[in-house]
Amino acid sequence: MPRISTALSLAVIAGFASCSAAQIALLQSFDPAESGSINSLGYDSVTEMVYVHTQGGITLDQYDRAGTFTGTVTKPFPGGNDDDIEFTDVAVTLAGVTVPAGTLFSIEHDNNPPRIYAVDASDSSILATVNTDAGAVGSWVGGAYSKARGTFFCIDWTGDRIQEIDPADGAVLNDFTVVPTGAIPFDVFFGDVDVLDSDGYIYLVSSTQDRVRVLGTDGVWFGDLDLGVLGISGMSGIGFDDARSEAWIGSTNGTIYQFSGFTGIVPCAFDLADDSGNPLVRDFQITFGDFLALLGLIGPCPGGNPGCTGDIADNFGFPGADGVVGFGDFLFLLGQIGPC
């Protein structure tokens, strides 16, 4: 039987950029006897099953929400470490073939070309395949489907970059670093990404980091969630249960973790900068840094058009743009101090 443990609820807000005031709780963890060092994980919200791949394994192991082993699926490309498991709760069209919700997507890059398979998890049959340009993407170790974008986002560990992939033909639509301007260093080794429905953002894990990085689908950094305070390390796979606001995370130490509290990050409209005044980073709270950023914006809006960045109130501090960033905007911001 798997070993089950629970832990108390803790705020996991990184000191340099607080992502939200939400409480992330570790609900349970288990070390399945069937799996070793985990390099990828996916959660199927249709069947409510967790799937993991052990480094070099020829199958994907399946567990229910209690951590009980329920079977295996033959991996489309057996073995390897550069791969991932993804499920969607909507139909997806891959290379012209529409597959239903609950389809397993196996993202592979142990051999060129990098490719995405749609797989029937009931019998391991391949339903569709799309290849992409091997020279353009480095080497994938994780991937996720964005319902809002209708595309896949895949993480390249060799360049610490994320590529947005068109499921129709495998074209690389966008490519951005996981360490954008203003972000602290983040190195990917064994890693994974998933997209949270409630905010549409990319959540990135790496076996070399104790933090979950949060990025927009355009590469903007929104901060990091520090899971090291819960004793979590070696994170190599992540899958969301959006209906329950839960996350399942696999690790290279062989442990599978279940977390609650992934309710999404919703920045407030007047969050202009992080605590240091960096306008490139929103930290989901109104602090001294936002006033610093506002100082740099004082003056008429470009072209005299109301509603420019920082124009959040009239000259008396009442909400509403007046075409000028000035004393009234500072008055209004004073009343907004605190978390979003």
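Data block above holds the structure.
Residues numbered from 1 in each chain as written. Predicted model: local features only at pLDDT ≥ 70, side-chain atom pairs only at ≥ 80, totals over all residues. Heavy atoms only, no water.

(A) Quick peek at the layout of surface pockets. Put simply, the largest pocket is a space of about 200 Å³. Around the largest pocket sit 16 residues that line it, and Phe87, Thr88, Asp89, Phe240 and Asp242 are the ones nearest its centre. Put simply, the parts of the chain that give the lining of the largest pocket at least two residues each are β3 (38-44), β7 (83-87), β17 (191-195) and β21 (235-241). Of the residues belonging to the lining of the largest pocket, the class tally is six nonpolar, four polar and six charged. (1 Å grid on protein atoms, 1.4 Å probe; cavity = no way out; pocket = protein on both sides within 12 Å on 5 of 7 lines; lining within 4 Å. Points joined across faces, edges and corners; volume = space filled by probe spheres on them. Helix = DSSP H or I, 4+ residues; strand = E, 2+ residues; numbered from the N terminus. Nonpolar A, V, L, I, M, F, W, Y, C, P; charged D, E, K, R; others polar.)

(B) Layout of the sheet that holds strand β16 (residues 172-177). Within the open sheet, the four strands sit side by side as β13-β14-β15-β16. Their pairing is antiparallel. The sheet is open, and its two edges are formed by β13 (140-146) and β16, each paired on a single side. Across this sheet, the average inter-strand angle for adjacent strands is 20°, counted without regard to direction. When strand β14 (residues 151-156) meets strand β15 (residues 161-165), the two strands line up antiparallel, connected through five bridges. By the bridge assignment for β15, cysteine 154 is matched with glutamine 163. (Pairing = 2+ DSSP bridges. Axes fitted to C-alpha atoms, helices over the stretch in contact; angles between N-to-C directions.)

(C) Region of the structure containing the sheet that holds strand β5 (residues 59-63). Strands sit in the order β3-β4-β5-β6 across an open sheet of four strands; the sheet is antiparallel. Pairing within the sheet leaves two strands with one partner each, and these edge strands are β3 and β6 (69-74). The sheet shows a mean angle of 25° between the axes of neighbouring strands, taken without regard to direction. Here β3 runs beside strand β4 (residues 49-54); their pairing, made up of six bridges, is antiparallel. By the bridge assignment, glycine 42 is partnered in β4 with tyrosine 51.

(D) Geometry of the packing of aromatic side chains. Under the criterion given, the structure shown has 14 aromatic pairs. Every member of this aromatic cluster is reached through a ring pair, and the members are Phe30, Tyr63 and Phe69. We note arginine 115 situated over the ring of phenylalanine 77; from NZ or CZ to the ring centre the distance is 4.9 Å. (Phe/Tyr/Trp six-rings, centres within 6.5 Å; stacked < 30°, edge-to-face > 60°. Lys NZ or Arg CZ within 6 Å of the ring centre and 35° of its normal.)

(E) Quick look at the state of the cysteines. On inspection of all chains with the given rule, the structure shows one disulfide. The disulfide partner of cysteine 301 is cysteine 308, and the S-S distance across this bridge is 2.0 Å. On the sign convention where negative is left-handed, the bridge of cysteine 301 and cysteine 308, at about -70° about the S-S bond, is left-handed. Exposure remark for cysteine 301: the relative accessible area of 3% places this residue in the buried category. (Disulfide = S-S within 2.5 Å. Buried < 20%, exposed > 50% of the residue type's maximum accessible area, 1.4 Å probe, protein only.)

(F) Just the pattern of salt bridges, in detail. In this structure the tally under the stated criterion is twelve salt bridges. Between aspartate 241 and arginine 244 there is a salt bridge whose closest N-O contact spans 2.7 Å. (Salt bridge = Lys/Arg side-chain N within 4 Å of Asp/Glu carboxyl O.)

(G) Main features of the side chain of lysine 75. Topologically, lysine 75 is positioned in the loop between β6 and β7. Separated by 3.1 Å, the side chains of lysine 75 and aspartate 83 make a polar contact. Those residues within four positions of lysine 75 in sequence are excluded, and the remaining contacts are His53, Gly57, Ile58, Thr59, Leu60, Asp83 and Glu108. (Polar contact = N/O pair within 3.5 Å; in protein donor to acceptor, adjacent residues only side chain to side chain. Contact = heavy atoms within 4.5 Å.)

(H) Looking closely at the nonpolar core. Formed by 22 residues in total, the largest nonpolar core has its most connected members in Tyr203, Leu227, Ile232, Phe259 and Phe262. Only β2 (23-30), β18 (202-206), β19 (211-215), β20 (221-226), β21, β22 (246-251) and β23 (256-260) provide two or more residues apiece to this core. By residue number, the principal contributor to this core is β21, which donates three residues. Counting 16 residues, the second largest nonpolar core, distinct from the first, contains Val141, Phe176, Val178 and Leu204. (Core = buried A, V, L, I, M, F, W, Y, C linked by side-chain atoms within 4.5 Å.)

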